[in-house]
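Structural description and commentary
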Amino acid sequence: MAERIPAEAFPPGDYIKEELEERGWSQADLAEILGVNESVVSALINGKKAITPELAKGLSAAFETSAQVWMNLESSYRLFLAK
């Protein structure tokens with residue numbers, strides 16, 4: 001049987017950046033919505049900060065998704081990095 005090659009996982013920050021662009025929001029806008037400092041949003045987008053359950057809940061409210069979506073993106077990315 002051929003060896004499987006896992007699909008590449010992208011940092012959740014890539015998805016956050018795309019959502020911001022689609023909505024015409026700045027990082028400052030999202031920071032205000034989440035109730036965090038703009039540096040937190042910047043760190044998320046740049047892959048320097050992991051999405052916590054609290055941030056996942058905020059992102060789900062901001063982007064009208066589920067918190068599970070954001071936690072899945074984060075865990076998939078971290079597992080990909082660990083390989």
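Here, every reference points to the structure presented above.
The rules behind the values
Residues numbered from 1 in each chain as written. Predicted model: local features only at pLDDT ≥ 70, side-chain atom pairs only at ≥ 80, totals over all residues. Heavy atoms only, no water. Salt bridge = Lys/Arg side-chain N within 4 Å of Asp/Glu carboxyl O. Helix = DSSP H or I, 4+ residues; strand = E, 2+ residues; numbered from the N terminus. Buried < 20%, exposed > 50% of the residue type's maximum accessible area, 1.4 Å probe, protein only. Axes fitted to C-alpha atoms, helices over the stretch in contact; angles between N-to-C directions. Parallel < 35°, antiparallel > 145°, perpendicular 65-115°, else oblique. Left-handed = near helix turned anticlockwise from the far one by under 90°. Contact = heavy atoms within 4.5 Å.

Considering the pattern of salt bridges
Overall, the coordinates contain three salt bridges when judged by the stated rule. The partner of Lys57 in a salt bridge is Glu54, and the shortest N-O contact between them spans 3.1 Å. You can see Lys57 and its partner Glu54 sitting in helix α4 (residues 53-63), three residues apart, about one turn around the helix. A relative accessible area of 47% means that Lys57 is categorised as partly exposed.

Remarks on the packing of helix α2 (residues 27-34) against helix α3 (residues 38-45)
Close contact between α2 and α3 brings their axes to 8 Å; oriented N to C, the two are set at 115°. Our classification of the angle between α2 and α3 gives roughly perpendicular. The interaxial crossing formed by α2 with α3 has right-handed handedness. Along its contact with α2, which presents Gln27, Ala28, Leu30, Ala31 and Leu34, the element α3 presents Glu38, Val41, Ser42 and Ile45.

Remarks on the side chain of Ser60
Mapped onto the elements of the fold, Ser60 is located in helix α4. Not counting the four nearest positions on each side in its chain, Ser60 is found in contact with Thr65, Ser66, Ala67 and Trp70.

Considerations on the environment of Asp14
Of note, Asp14 is situated in helix α1 (residues 12-23). Residue Asp14 is classed as partly exposed on the basis of its relative accessible area, which comes to 32%. Sequence-wise, Asp14 and Gly47 are 33 residues apart; in three dimensions their C-alpha atoms are separated by 8.5 Å.

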